[in-house]
Amino acid sequence: MAIVHRTTMVPGKLELLAAWLPTRAWYTGGAQPQLAKAGGFRLDDPAGAVGIEVMVVSDSSGARPVTYLVPMTYRGEPLPDAADALIGTSEHGVLGTRWLYDATHDPVFVEQVVRLLAAQAQPQAQSESDTPDPTVTVRAAEIPFPAAGFSGSSVLDAARWTDIAPAGTEVPVLRLHRILGDELPADLYAWVEAPWSSPDGEISRGVFVSTQAG
């Protein structure tokens, strides 16, 4: 169950992301991002140890507003061999120090995204505990998912997306669509679609995660 604590985080998530986003290959904005939360959902870690948030942020620092997909995991201690994936640390008002990671490098996130694409996990509301999110839709497929506790993935950041190839498994390459609203290929095999809001309040929908393997 995804437990959402109504408390503070210092520094906040948007503050940490403002420093981290300009270091990404797919970031297109200015040197100082102007971020706003635009949507997202959560996933459960069955072990209850890792927080998983699939977060959407809008950035108005560039020539035009851009909406980014930024999945993050929250851990009570550092993730081994993942220093390059660290977004930052924050003091949580209930849980203490939390290590925030780019979730594409976190095996707990990867496993749960695969389970979501295989209809074996349920998206949870971003701001409510133990509440399914009906706005998230999944075109599920028969995808083998990694065993609990697997480790290691090959992660490739490109100009518009991030590809994840889970190591030592038969799981197809997963694509995280970092810039939301992009035109998509027609031959997607399985995907997760969800809404987000623009700074002016307009609601859009699009694919967050997909695979083309069939």
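Look a little higher up for the structure.
The structure presented is a predicted model; accordingly, all values stated were derived computationally and were not measured.

A. Expanded view of the pattern of salt bridges. Counting across every chain of the model gives 9 salt bridges. The shortest N-O distance in the salt bridge between Arg115 and Glu111 comes to 3.1 Å. Here Arg115 pairs with Glu111, and both are found in helix 2 (residues 107-117), just 4 residues apart, close to one helical turn. As far as burial versus exposure is concerned, Arg115 and Glu111 are alike and both buried. A cluster of three or more residues bridged by salt bridges with shared partners is formed by Lys13, Arg42 and Glu53.

B. Highlighting the sheet that holds strand 11 (residues 190-197). The strand order across the open sheet formed by 6 strands is 7-11-12-10-9-8, and the pairing between neighbours is antiparallel. Whereas interior strands pair on both sides, the edge strands pair on one side only; in this sheet they are strand 7 (137-139) and strand 8 (153-157). Across the sheet, the mean angle from the axis of one strand to that of its neighbour is 20°, orientation sign disregarded. Strand direction decides the pairing type here: strand 10 (residues 174-177) and strand 12 (residues 203-211), joined by 2 bridges, are antiparallel. Residue pairing across strands places Arg175 opposite Ser210, the latter belonging to strand 12. Running at roughly 95° to strand 10, helix 2 makes contact with strand 7, strand 8, strand 9 (161-166), strand 10, strand 11 and strand 12 of the sheet.

Here is what the cut-offs are and how they apply
Residues numbered from 1 in each chain as written. Predicted model: local features only at pLDDT ≥ 70, side-chain atom pairs only at ≥ 80, totals over all residues. Heavy atoms only, no water. Salt bridge = Lys/Arg side-chain N within 4 Å of Asp/Glu carboxyl O. Helix = DSSP H or I, 4+ residues; strand = E, 2+ residues; numbered from the N terminus. Buried < 20%, exposed > 50% of the residue type's maximum accessible area, 1.4 Å probe, protein only. Pairing = 2+ DSSP bridges. Axes fitted to C-alpha atoms, helices over the stretch in contact; angles between N-to-C directions. Contact = heavy atoms within 4.5 Å.

Just distances and angles here, no functional claims.
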